[in-house]
2 protein chains.
Amino acid sequence: MPCTAPPAAESVALRSVHSFHVGGHCRTLKGLPVSERSMVQGGAPRRVDPNGDYVLGQMYVQAFRLARPRVALPVLLWHGGGMTGSHWESSPCGGEGWLWRFLSAGYDTLVSDAVERGRSSWAMYPQLYAEAPFFRTKNEAWEMFRIGPVGGYASDPGQRIAFDGQQFPVECFDNFAKQWVPRWAGHDGMALDAYGALVERTGPCVIVAHSQGAGYAAAIAQRYPDMVRAVVAIEPGGMPTRTRQRLPPHLFIWGDFFDTSHLAWSGYRGLADGYAAAARFAGSRIDVLDLPRAGIHGNSHFVMLDRNNDAVFHRVIAWLHALGC
Amino acid sequence: MPCTAPPAAESVALRSVHSFHVGGHCRTLKGLPVSERSMVQGGAPRRVDPNGDYVLGQMYVQAFRLARPRVALPVLLWHGGGMTGSHWESSPCGGEGWLWRFLSAGYDTLVSDAVERGRSSWAMYPQLYAEAPFFRTKNEAWEMFRIGPVGGYASDPGQRIAFDGQQFPVECFDNFAKQWVPRWAGHDGMALDAYGALVERTGPCVIVAHSQGAGYAAAIAQRYPDMVRAVVAIEPGGMPTRTRQRLPPHLFIWGDFFDTSHLAWSGYRGLADGYAAAARFAGSRIDVLDLPRAGIHGNSHFVMLDRNNDAVFHRVIAWLHALGC
């Protein structure tokens, strides 16, 4: 694939930046205890009554519309588990991320926070959500994000063991940890309903998604095969049940260090490979960019945050352009 | 004050959109139970161990830098209690918000989510935060945001009672509710540390803040009187203890319906009035824009989201320009 993406722009002219929430449904709570609390600096205690009407299941979307888009279809950027849309905005050490790159490349770009995360808000448990969330430690992330081997994390940054040739900027790992948010298990249905509402609102689009979000993108491409024109699935974590449908084109992108990483990865990759095989059998175009096989070495789970992400971005743009997206 | 703000721009040229987190400190948890759960679509159960290192107290900031700013100082937009920065981005019925207006007026603009809210993430309780959060019902918001009288909310939108002449777009109230996030009581110190870290990073700036955020802005202006060049405090909810310092100029903005609203408002307004009197006594310039007295009627607590917010925005810009900001 040739490299056709322009470099990050000196400036980008926008005709709009705004946000909206899609999806969500109402629930009413009764019988909860009322308290008296001061809620602001110096404020007298006031009655705080949690009984009443709530909304849950909604999703936050921030939309960047270009003054002069050069591509007809907007790009939707979907993050992975325990994250928010913020990882598309910046590299872990600062500086612009793929949001800026897609804008520079002429795409209207919409960044969402999955239901329950970031600006999408979350709801009371066990009253509205069934159970408590899960919180990711730095220890687990070091292994699951394939920064280093199982047991390679240490509180002292100087004592941490990263994989040789690691492209993730490990010196900014603690900064990156500030982005992580709690997540719930078992909320796939609610998350997918909101992503579906987004695609219905947006219309024809390209989805570029990471990890858990890439699994959601595959599911939404099944549900809206005419709306979703292409899926770039970066390191999908989780996949819908296998498909017999002809699907829009997918590009699966995989980083490095699968052989030496946390065992969960062989499972996740196996799921995606099985899905790809079934989709191909149904006549779908499913391309795979295995970075080490393509001569690009050292990528973590967060390919788009790694030092060499530019080389990967060029290939993504080339793949989209070849499809006419 | 003359009206000097330009209309919302047809397009805005940016040289950067990116985000970062400021502040935060590390804590380690031990002795918590480990579980086995599937965390993604179709994924096999895996070990999820919550023991290890966390960061808490960090704050998310999204920075919009103009290609050609027309004003030297950036504007920091700080939201209120139970909200995120998203309310600066859009009106409740859609369309751009004050973020776009400040960009159109030539200001570099930074929008943050307070600690514990939105993309700033939140931490496990009672292990890291001391207690559970508070959730705002639509019922309470209807009263506390001065949309309508106490008891004026009903689940059926057609049965709700709003104040006569209400400028808040009540038909979009349910949409607005999708933005609200849980909040904790007693986190003022943590929130202020992160806002302080933001001002230290930004340098000289203007703060435009709402409700609880406006009380935080007043506290940060005390702490960094040379960095904070002006504070626009829209309907401050809560205030720091009174000051004997000479402070940078403040503009307090108040909406309508104080006489007929939830009683908490007379308390909040009294706090702000007392603070303003003490600051003036210490030689500070403290201006007050009481909208009904200025002939602008019908504003809710969310002045910048009301239908007539344009008239208020013009006055804010005129006040800043008169200060040379």
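Keep in mind that what you see is a predicted model, and the values were worked out from it rather than measured.

Turning our attention to the overall build of chain A. Secondary structure summary: chain A contains 7 helices and 10 strands in total. Against the globule reference of 20 Å for 325 residues, chain A gives a C-alpha radius of gyration of 21 Å, in line with a compact fold. Dimensions of chain A, computed from C-alpha atoms along their principal axes, come out at roughly 65 × 50 × 45 Å. Sequence-distant contacts, at least 24 apart, represent 74% of the contacts inside chain A between residues at least 6 apart. If you sum the accessible surface of chain A, you get close to 11200 Å²; carbon and sulfur atoms cover 51% of it. Each charge sign in chain A was given a centre, from 30 positive and 28 negative side chains, and these centres are 6 Å apart.

Looking now at the relation of the copies chain A and chain B. Once chain A is rotated about the relating axis by 180 degrees and shifted along it by 0.0 Å, it coincides with chain B to within an RMSD of 0.0 Å. Such a combination of turn and shift is consistent with a two-fold rotation axis. The fraction of interface residues of chain A whose copies in chain B are also interface residues reaches 100%, indicating that both copies meet through the same surface.

What follows deals with the packing of aromatic side chains. Residues and elements named next belong to chain A. Across all of its chains, the model carries 55 aromatic pairs over all chains by this definition. With centroids separated by 6.2 Å and ring planes inclined at 75 degrees, the aromatic side chains of Trp98 and Phe102 adopt a geometry described as edge-to-face. Linking Trp98 with Phe102, this pair stays in helix H1 (residues 98–104), spanning 4 residues, or about one helical turn. With respect to class, Trp98 is no different from Phe102; both count as buried. With a centroid separation of 4.7 Å and an interplanar angle of 75 degrees, the aromatic rings of Phe145 and Phe302 are classed as edge-to-face. Highlighted residues: Phe145 in the loop between helix H2 (138–144) and helix H3 (173–177) and Phe302 in the loop between strand E10 (286–290) and helix H7 (309–322), separated in sequence by 157 residues.

Turning to the interface of chain A and chain B, a few remarks are in order. By a frequent convention, interface size equals the accessible area lost on bringing the separate parts together. At the interface, 91 residues of chain A touch 91 residues of chain B. Broken down residue by residue, the surface that chain A buries against chain B is led by Gln41, Arg119 and Lys178 of chain A, which jointly contribute 13%. In this assembly, chain A and chain B are joined by 8 salt bridges. For Arg46 of chain A, the salt bridge goes to Glu140 of chain B, with nearest N and O atoms at 3.3 Å.

A word on helix H5 (residues 212–223) of chain A. All names here are of chain A. Over its 12 residues, H5 extends 17 Å from the first C-alpha to the last, a length consistent with the 16 Å expected when each residue adds 1.5 Å. All of the buried residues in H5 are Gln212, Gly213, Ala214, Gly215, Tyr216, Ala217, Ala218, Ala219, Ile220, Ala221 and Gln222. Looking at the buried side of H5, the elements it contacts are strand E5 (75–78), helix H4 (188–202), strand E7 (205–210), strand E8 (228–234), strand E9 (250–254) and helix H6 (264–281).

The next subject is the packing of H4 of chain A against H5 of chain A. Residue and element names in this part refer to chain A. Closest axis-to-axis distance for the H4/H5 pair is 10 Å, and the angle between their directions is 60 degrees. Our classification of the angle between H4 and H5 gives oblique. For H4 against H5, the interelement crossing comes out right-handed. Contacts between H4 and H5 involve Asp188, Ala191, Leu192, Asp193, Tyr195, Gly196 and Val199 from the former and Gln212, Tyr216, Ala219, Ile220 and Arg223 from the latter. For the contact of H4 with H5, the residue count by class is 7 nonpolar, 2 polar and 3 charged.

Turning our eyes to something else, we now look at the environment of Pro69 of chain B. Residues and elements named next belong to chain B. Along the chain, Pro69 turns up in the loop between strand E4 (52–66) and strand E5 (75–78). The sequence separation of Pro69 and Asp256 amounts to 187 residues, and the corresponding C-alpha distance is 34 Å. Aside from chain neighbours lying at most four places away, what touches Pro69 is Gly106 and Asp108.

In a soluble, globular protein the nonpolar side chains are often hidden away together inside. The biggest cluster of nonpolar side chains holds 218 residues, and the ones touching the most others in it are Trp78 and Phe102 of chain A together with Trp78 and Phe102 of chain B. Each residue touching Phe102 of chain B, except ones within four places of it in the same chain, is listed here: Val75, Leu77, Tyr107, Thr109, Val208, Phe313, Val316, Ile317 and Leu320 of chain B.

Moving on, we come to the pattern of salt bridges. The full count for this structure, using the stated rule, is 34 salt bridges over all chains. For Arg37 of chain B, the salt bridge is made with Glu131 of chain A, and the minimal N-O distance between the two is 2.9 Å. Taken together, the residues span two chains, with Arg37 of chain B in strand E2 (residues 35–37) and Glu131 of chain A in the loop between strand E6 (109–113) and H2. The class of Glu131 of chain A is partly exposed, set by a relative accessible area of 30%. A salt bridge links Glu171 of chain A to Arg307 of chain A; its shortest N-O distance comes to 2.8 Å. Remark: Arg307 of chain A occurs in the loop between E10 and H7 and Glu171 of chain A occurs in the loop between H2 and H3; sequence separation between them is 136 residues. Each of Arg46 of chain A together with Arg136 and Glu140 of chain B takes part in salt bridges that share partners, so that together they form one network.

What follows concerns the pairing of E4 of chain B. Residues and elements named next belong to chain B. For E4, the buried fraction is high: 14 of the 15 residues fall into the buried class. Where strand E1 (residues 12–29) meets E4, 14 bridges bridge the pair, whose relative direction is antiparallel. In the sheet register, Phe20 faces E4, and the bridge partner there is Val61.

Criteria and thresholds
Residues numbered from 1 in each chain as written. Chains lettered and ligands numbered in written order. Predicted model: local features only at pLDDT ≥ 70, side-chain atom pairs only at ≥ 80, totals over all residues. Heavy atoms only, no water. Helix = DSSP H or I, 4+ residues; strand = E, 2+ residues; numbered from the N terminus. Rg over C-alpha atoms; globule rule 2.2 N^0.38 Å. Contact = heavy atoms within 4.5 Å. Areas by Shrake-Rupley, 256 points an atom, 1.4 Å probe, with all protein chains shown as cover. Lys, Arg positive; Asp, Glu negative; His and termini not counted. Charge placed at Lys NZ, Arg CZ, Asp CG, Glu CD. Least-squares fit on C-alpha atoms with pLDDT ≥ 70 in both. Phe/Tyr/Trp six-rings, centres within 6.5 Å; stacked < 30°, edge-to-face > 60°. Buried < 20%, exposed > 50% of the residue type's maximum accessible area, 1.4 Å probe, protein only. Buried area = accessible area lost by both parts, 1.4 Å probe. Salt bridge = Lys/Arg side-chain N within 4 Å of Asp/Glu carboxyl O. Expected span 1.5 Å × (residues − 1). Axes fitted to C-alpha atoms, helices over the stretch in contact; angles between N-to-C directions. Parallel < 35°, antiparallel > 145°, perpendicular 65-115°, else oblique. Left-handed = near helix turned anticlockwise from the far one by under 90°. Nonpolar A, V, L, I, M, F, W, Y, C, P; charged D, E, K, R; others polar. Core = buried A, V, L, I, M, F, W, Y, C linked by side-chain atoms within 4.5 Å. Pairing = 2+ DSSP bridges.

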